[in-house]
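# Commentary on secondary and tertiary structure
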Amino acid sequence: MKEESGPIGQLGLYKETHIIGAGISGLLMAYYLKKNGHSVKIFEKESHIGGKIRTLTGSFGIAETAANAVFTNEDAIELFEELGITPLKSAPKLKRLLQRTNALKAFPLHFWEIPIIFFSLFKKIPKNLDKLSVYEFFRPLLGKRASYEVLSSVFGGIYATDSKTLKFRSVFKQRIESRTYFGFLRELIKQRKERSHRPESVSFSLGMSELIQALQNELQNEIVNGTMASIQSDANTIICTDAHDASSIIEEIYPQIANELSKLKYSSVVSTTMIFNKALEKLEGAFGALFSPTSPIKAAGILNNSAIFKGRTNDLDKRSYTFIHLGESYTEQDAFEDLKKLDPSTDWQKCLEEKFVTNWKRGIPIYDEQRSASIKKVRSLFHARPKGVVIFGNYVDGISIREMITMSKEFASESSQIISS
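Now for a look at the structure at hand. Only a predicted model underlies this, so the values are computations on that prediction, with no experimental measurement involved.

Reading the values: the criteria
Residues numbered from 1 in each chain as written. Predicted model: local features only at pLDDT ≥ 70, side-chain atom pairs only at ≥ 80, totals over all residues. Heavy atoms only, no water. Core = buried A, V, L, I, M, F, W, Y, C linked by side-chain atoms within 4.5 Å. Buried < 20%, exposed > 50% of the residue type's maximum accessible area, 1.4 Å probe, protein only. Helix = DSSP H or I, 4+ residues; strand = E, 2+ residues; numbered from the N terminus. Contact = heavy atoms within 4.5 Å. Pairing = 2+ DSSP bridges. Axes fitted to C-alpha atoms, helices over the stretch in contact; angles between N-to-C directions. Phe/Tyr/Trp six-rings, centres within 6.5 Å; stacked < 30°, edge-to-face > 60°. Parallel < 35°, antiparallel > 145°, perpendicular 65-115°, else oblique. Left-handed = near helix turned anticlockwise from the far one by under 90°. Nonpolar A, V, L, I, M, F, W, Y, C, P; charged D, E, K, R; others polar. Salt bridge = Lys/Arg side-chain N within 4 Å of Asp/Glu carboxyl O.

### What to know about the nonpolar core
- Of all hydrophobic cores here, the largest spans 40 residues; its most connected members are Ile-24, Leu-27, Leu-211 and Ile-238.
- Mapped onto this core, the elements with two or more residues apiece are α1 (24-35), β3 (39-44), α2 (74-83), α8 (209-219) and α15 (401-420).
- Looking at which element gives the most residues to this core, the answer is α1, with eight residues.
- Beyond its immediate chain neighbours, meaning those up to four positions away, Ile-24 contacts Gly-50, Ile-53, Leu-211, Ile-212, Leu-215, Ile-401 and Met-404.

So, in C-alpha cells, the structure goes:
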C-alpha cells in the first residue's frame, strides 16, 4: 500500500474553494486549482501576501526575510515559465564551508574519520527506519561525532534542528532496497544520475518577492486581504496557515485534529542581513558557511549573498551577508562577535553600511518524532471526515518551496480528475 503524502483531505463537490492564508503554500494551491478550472478565493488576515517571504529594499541593497532561493525541480522551472519570470541562477562552483570546532573547511571530516567510514561501508543499515533519527541512522557509518556535528550543520540549515531530533524519514522518503550503507549510497548516486533535471538554487533579479508578485498578478481578483476567514458549510476550505493557526481554525469542528496540530513544534529563526564595505575573506568564493552545535560561532550559518546572486547590493564594492540563527535571540552584537571570531583583525562595526533584521518566533516546523506521529494521526482522523476540508503547509509533508510546488500541482490535477469523474 502506497504511503499517503501531500495535502491532507479531499475537496468536496462544492462550486467554490476557499483558501485560508496567502503565504507561499496558499498562493501555489490557488494558482494550480485556478489553472485546473476551479473557482477559488483566498482569504489573508494580513494586509500583505506572501507570508514570511518578502524582499526588503534599502539604500545599499536588498534582503530576504525568509527563503533566499528556490532549489529547483522540473515543476518549479515550468511554474516560472508559466508566470513569465526569469530565474536568476546562483553562481557556479562556489565552495560550501562548514565549521565543526575552530576551522572553516570545505571537507568537514577529520582525517582519522575517513578509514573508519571506509571500513563501515559494508555494515548493515539499521532496521525500523521509520523510528530512527538522522543521527541514529548514520552513526554506525560516520561515528558519533561526525553524525552529530556534520549532519546537524548540513540538515540544520534546512530543517532548523539537529540530527538527533530530525527524523530520518523526513529527509529520505524514498524506498530503500539495499541492506548495507554501501548499497544505500549507491542508490542515492543512481537516483541523482537518473534525474532529468539537475537541481540548482535560483532566485530572481528583484529577490523572492518577484515570485510572490507574479503569483499575485495571476490571482489578484481572487485575493481578499484583512479578513479572518473560517470554514464554511457551502464551500471547500483549504487551510494554508502554519500548524498552530490551522489548529485554531479547525478546533471547533474537529477538536481531535486541532489537538494533534497544536503539538507540532517550531524553531524560532532570526535572520540578520548586513551590508559591509569590506569582504569577509574567509567566505570569498564560497556560497556561505555552516556552523555545528559544537562551533564557537553562535549563528547556524552565514550566506554570502553577494557571491551567490548578482545584484544583492547596489555597489559591487559592498558585501552582503545573512546570519541565520536558530533561536529567539540573536542581536547585532552577536553578529559582530561572530565576525570577530572569523576575522579578528577587522573592526566590523565601522564597516557596516546597512542591516535588516527579521525575527520569526514560529519560523520553521521541526521535523521530529512528534510531527511525524501527529501528522500520521491527522491523516487517519481525516479518513472519517466528510470531504471538503484540506490542510496544507510546509509542516505537512515537505519543507521546501519546490516540494510545495509539486504537491500543489499534483493535488489540483488529481482533485479535478476526481470531481470530473
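### Let's talk about unusual backbone geometry
- Its identity as a non-glycine residue notwithstanding, Asn-128 has a phi of 55 degrees, on the positive side.
- Tracing the backbone shows Asn-128 in the loop between α3 (113-120) and α4 (134-142).
- Its identity is not glycine, yet Ala-160 carries a phi of approximately 55 degrees, on the positive side.
- Tracing the backbone shows Ala-160 in the loop between α5 (144-159) and α6 (168-171).

### As for the environment of Phe-182
- Tracing the backbone shows Phe-182 in helix α7 (residues 181-194).
- Of the residues examined, Phe-182 reaches a relative accessible area of 33% and is grouped as partly exposed.
- With residues up to four places along the chain from it excluded, the contact list for Phe-182 reads Leu-121 and Phe-122.

### Some points on the sheet that holds strand β1 (residues 8-9)
- Across the sheet, six strands lie side by side as β1-β18-β12-β2-β3-β11; this open sheet has mixed pairing. Each edge of the open sheet carries a strand with a single partner, namely β1 and β11 (223-225).
- Sheet contacts for helix α9 (residues 243-250): β2 (16-20), β12 (236-239) and β18 (389-391); angle to β12, the most-contacted strand, approximately 150 degrees.

### Quick notes on the sheet that holds strand β9 (residues 104-105)
- Taken together, the seven strands give an open sheet; going across it, the order is β9-β8-β14-β15-β16-β13-β17, and neighbouring strands pair in mixed fashion. In the strand order of this sheet, the two ends are held by β9 and β17 (352-365), each with one partner.
- The pairing of strand β13 (residues 266-276) with β17 spans 10 bridges and is classified as antiparallel. Its bridge partner lying in β17, Thr-272 is registered against Val-357.

### Notes on the environment of Ser-196
- With respect to the helices and strands, the residue Ser-196 is situated in the loop between α7 and β10 (201-203).
- C-alpha separation for the pair Ser-196 and Asn-73, spaced 123 residues apart in sequence, amounts to 9.2 Å.

### Some remarks on the packing of aromatic side chains
- Evaluated as defined, the whole model comprises 20 aromatic pairs.
- When the centroid spacing of 4.9 Å and the interplanar angle of 25 degrees are considered together, the rings of Phe-168 and Phe-172 count as stacked.
- On the basis of relative accessible area, Phe-172 is assigned to the buried category, the value being 11%.
- Aromatic pair Phe-168 and Phe-184: ring centres 6.3 Å apart, planes at 50 degrees, arrangement tilted. In this pair, Phe-168 sits in helix α6 while Phe-184 sits in helix α7, placing the two residues 16 residues apart along the sequence.
- You can call Phe-184 buried: its relative accessible area is 1%.
- By the ring-pair criterion, three or more aromatic residues cluster together here, those being Phe-137, Phe-138, Phe-155, Phe-168, Phe-172, Tyr-181 and Phe-184.

### Points about the pairing of strand β8 (residues 95-99)
- By the bridge criterion, five bridges tie β8 to strand β14 (residues 286-291) in an arrangement that is parallel. Residue pairing across strands places Arg-96 opposite Gly-288, the latter belonging to β14.
- As paired elements, β8 and β9 share two bridges and run antiparallel to each other. When the sheet's bridge partners are listed, Leu-98 is paired in β9 with Lys-105.
- Between the antiparallel neighbours β8 and β9 lie four residues.

### Regarding the packing of helix α10 (residues 255-262) against helix α14 (residues 369-382)
- Viewed as axis vectors pointing N to C, α10 and α14 meet at an angle of 165 degrees, and their least axial separation amounts to 9 Å. Here α14 runs roughly antiparallel to α10, going by the angle between their axes. In this structure, α10 meets α14 at a crossing whose hand is left-handed. For the pair formed by α10 and α14, the contact residues are Gln-256, Ile-257, Glu-260 and Leu-261 on the first element and Ser-374, Lys-377, Val-378, Leu-381 and Phe-382 on the second.
- Each residue belonging to the contact of α10 with α14 can be placed in one class, and the counts come to five nonpolar, two polar and two charged.

### Quick word on the pattern of salt bridges
- According to the stated counting rule, one finds 23 salt bridges in the structure shown.
- Salt-bridge contacts for Glu-260 lead to Lys-263; the nearest nitrogen and oxygen are separated by 3.3 Å.
- Put simply, Lys-350 and Asp-347 hold a salt bridge, and the shortest N to O gap is 4.0 Å.
- Ionic contacts of the salt-bridge type, sharing partners, join the residues Lys-45, Asp-242, Asp-245 and Arg-362 into one network.

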